[in-house]
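Chain residues, written in single-letter form:
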Amino acid sequence: MTTGEPLIVLDSVNKWFGPLHVLDDVSLSVGKGEVVVVIGPSGSGKSTLCRTINRLEPINSGTITFDGQPLPAEGKALAKLRSEVGMVFQSFNLFAHKTILDNVTLGPIKVRKEKPAAARERALALLDRVGIANQADKFPAQLSGGQQQRAAIARALAMQPKAMLFDEPTSALDPEMVGEVLEVMTSLARDGMTMVVVTHEMGFARHAANRVIFMADGQLVEDAPPAEFFGNPRSERAKDFLSKILTH
Amino acid sequence: MSVLIDKFDVFAGGFWLTLQICVLAAIGALILGAVVAVLRISPVPPLRALGTGYVNVFRNMPLTVVMFFAAFGLPALGSNADFLRIPGLDAIFTRLGTDLPYFRFALVALVLYTAAFVCEALRSGVNAVPAGQAEAARSLGLTFGQNLRYVVLPQSWKASVVPLGSVIIAMIKNSALIGFFGVVGDLSATADQLTSAEGYAFVPVAIGISIGYLIMTVPLGALLDRIEKRQAVAR
């Protein structure tokens, strides 16, 4: 699936939250069609890393380029870039005052200036793809967590993004709903979507990722194919982390 | 108490004038307050500073001082606030169009002062919308303006409406000051007229005036209670 051509490139990125060095000289390249899973203990900076890619978190130094262009400053150009990068949040963040269908069509209609009828048709097809076409006219609060997260994925896909960022998409879900969301993500990965996924789902990392990134204390500690990372982690930090999560 | 009946026309006239300036000031303050609120939450630092500066000045200055500035400062600058002689509007609110500028000065002061509080009420509503909503909108590529219009403001007004109502009620009561700044014949000024000039006892006159203010403020308060109850049910 991967073409090798880089789509997202981070070069020596540093970020501080006050005195806390959350991203410590992070460099990373994600190729077109590649699925990169970011794992690590909480507070390791993996969510922040994910959020810097569409500049929801500005960085203090270093560069980030997307599709050959450096990330622009706040303004129209940044809005355009964000419209090309889908984002899925831990807490879904569906627009609470809009129906599921309106959630999915808002971006295409207001940002891309698509005709409402065309946007609606594509939105319904996407909702069908994620298995919630019958929920289109409900409000977010009327859906289960798993359904909400699938709607959020459809909302991001409606912008026909070049890449998708997932910031712990299953961490707020009841266990029985994790599978349905991962299934949608796996099918996306199979279709060749470029994805950066911050997650604690090791099963997903094993079978859907091209590469696993392990982060600790703001640093990128390991970067390896999943079989290699899980079978033979090189760093002590990774061994320690894996022993803690895989023993039970 | 016969003054209430004998001088009903004076009370009614005062009520009508006070109602006029309150309606106009409420409209003006809501518009200006919304503009200042947008400045205060905008992503552009100089605009934010401008909005914050406005609120700091007008929220922290006594209304009397603002009125002094309007009544003495504007003429010193050579302005009779003629920009408020809005064609059409001055046909309904006749005092807007008169050559005596004090009604317009008082209106300017009330609007400037109240807008600072309107801004803060609107902003508290915006802050009540979870940050994730605006973040999701930004991640879709919505601009700041679209974000406000389609995502944040439609959800924020629910949290704003009750504090906004309190601001407007306070403004109606604050309007009692305008009689001291040259506006002849508002509801409060009728007290002076009836007691000092015509020798009526103060207490009955004060009761009449109180009734006038309560007719404006109590229904507004009741409306707010209703809105709040309906929201509680919806929640």
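Refer to the structure presented above.
This is a predicted model, so every value here is computed, not measured.

Criteria and cut-off values
- Residues numbered from 1 in each chain as written.
- Chains lettered and ligands numbered in written order.
- Predicted model: local features only at pLDDT ≥ 70, side-chain atom pairs only at ≥ 80, totals over all residues.
- Heavy atoms only, no water.
- Helix = DSSP H or I, 4+ residues; strand = E, 2+ residues; numbered from the N terminus.
- Rg over C-alpha atoms; globule rule 2.2 N^0.38 Å.
- Buried < 20%, exposed > 50% of the residue type's maximum accessible area, 1.4 Å probe, protein only.
- Contact = heavy atoms within 4.5 Å.
- Areas by Shrake-Rupley, 256 points an atom, 1.4 Å probe, with all protein chains shown as cover.
- Lys, Arg positive; Asp, Glu negative; His and termini not counted.
- Charge placed at Lys NZ, Arg CZ, Asp CG, Glu CD.
- Buried area = accessible area lost by both parts, 1.4 Å probe.
- Salt bridge = Lys/Arg side-chain N within 4 Å of Asp/Glu carboxyl O.
- Core = buried A, V, L, I, M, F, W, Y, C linked by side-chain atoms within 4.5 Å.
- Axes fitted to C-alpha atoms, helices over the stretch in contact; angles between N-to-C directions.
- Parallel < 35°, antiparallel > 145°, perpendicular 65-115°, else oblique.
- Left-handed = near helix turned anticlockwise from the far one by under 90°.
- Nonpolar A, V, L, I, M, F, W, Y, C, P; charged D, E, K, R; others polar.

## Some points on the overall build of chain A
For chain A, the helix and strand inventory stands at 9 helices and 10 strands. A globule of 248 residues ought to have a C-alpha radius of gyration of about 18 Å, and chain A, at 18 Å, matches this closely. C-alpha atoms of chain A, sized along the principal axes, occupy 55 × 45 × 35 Å. Among the 248 residues that make up chain A, the fraction classed as buried is 54%. Look at the contacts in chain A between residues 6 or more apart in sequence, and 67% of them connect residues 24 or more apart. Accessible area for chain A stands at about 10600 Å²; split by element, carbon and sulfur atoms hold 51% of it. Across chain A, the centroid of the 27 positively charged side chains sits 7 Å from that of the 28 negatively charged ones.

## Let's talk about unusual backbone geometry
All names here are of chain A. Positive phi is not limited to glycine here, since Asn93 has a value of about 55°. Within the secondary structure, Asn93 is located in the loop between strand S6 (85–88) and helix H3 (100–110). Exposure remark for Asn93: the relative accessible area of 9% places this residue in the buried category. One non-glycine residue, Glu168, adopts positive backbone phi at about 45°. Relative to the elements of secondary structure, Glu168 occurs in the loop between strand S7 (163–167) and helix H6 (175–190). Given a relative accessible area of 11%, Glu168 falls into the buried group.

## Remarks on the interface of chain B and chain A
The interface is formed by 16 residues belonging to chain B together with 24 residues belonging to chain A. Interface area for chain B against chain A, summed over the two sides, is near 1700 Å², with a carbon-plus-sulfur share of 62%. Our count for the contact surface shared by chain B and chain A stands at 1 salt bridge. As a salt-bridge pair, Glu135 of chain B and Arg51 of chain A come within 2.7 Å of each other at their nearest N and O atoms. Of all the elements in the fold, those that place two or more residues in the side of chain B that touches chain A are helix H7 (131–139) and helix H8 (144–174) of chain B. Ranked by residues supplied to the side of chain B that touches chain A, first place goes to H7 of chain B with 7 residues.

## Section: the nonpolar core
Residue and element names in this part refer to chain A. In this structure, Ile153, Met164, Phe166, Met185, Met195 and Phe229 are the most contacted members of the largest nonpolar core, which totals 51 residues. Top element by residues in this core is H6. It accounts for 8 residues. For Phe229, the residues in contact, after removing those within four places along its chain, are Ile39, Val212, Phe214, Glu222, Ala224, Ala238 and Leu242.

## Side note on the packing of helix H3 (residues 45–60) of chain B against helix H6 (residues 102–128) of chain B
Residues and elements named next belong to chain B. At a closest axis distance of 8 Å, the pairing of H3 and H6 adopts a crossing angle of 120°. When the axes of H3 and H6 are compared, the pair comes out oblique. Every pair of crossing elements has a handedness; the one defined by H3 and H6 is left-handed. Contacts from Tyr54, Val55, Phe58 and Arg59 of H3 reach H6 at Val111, Leu112, Tyr113, Ala115, Ala116, Phe117, Cys119 and Glu120. Taken together, the residues that form the contact of H3 with H6 break down as 10 nonpolar, no polar and 2 charged.

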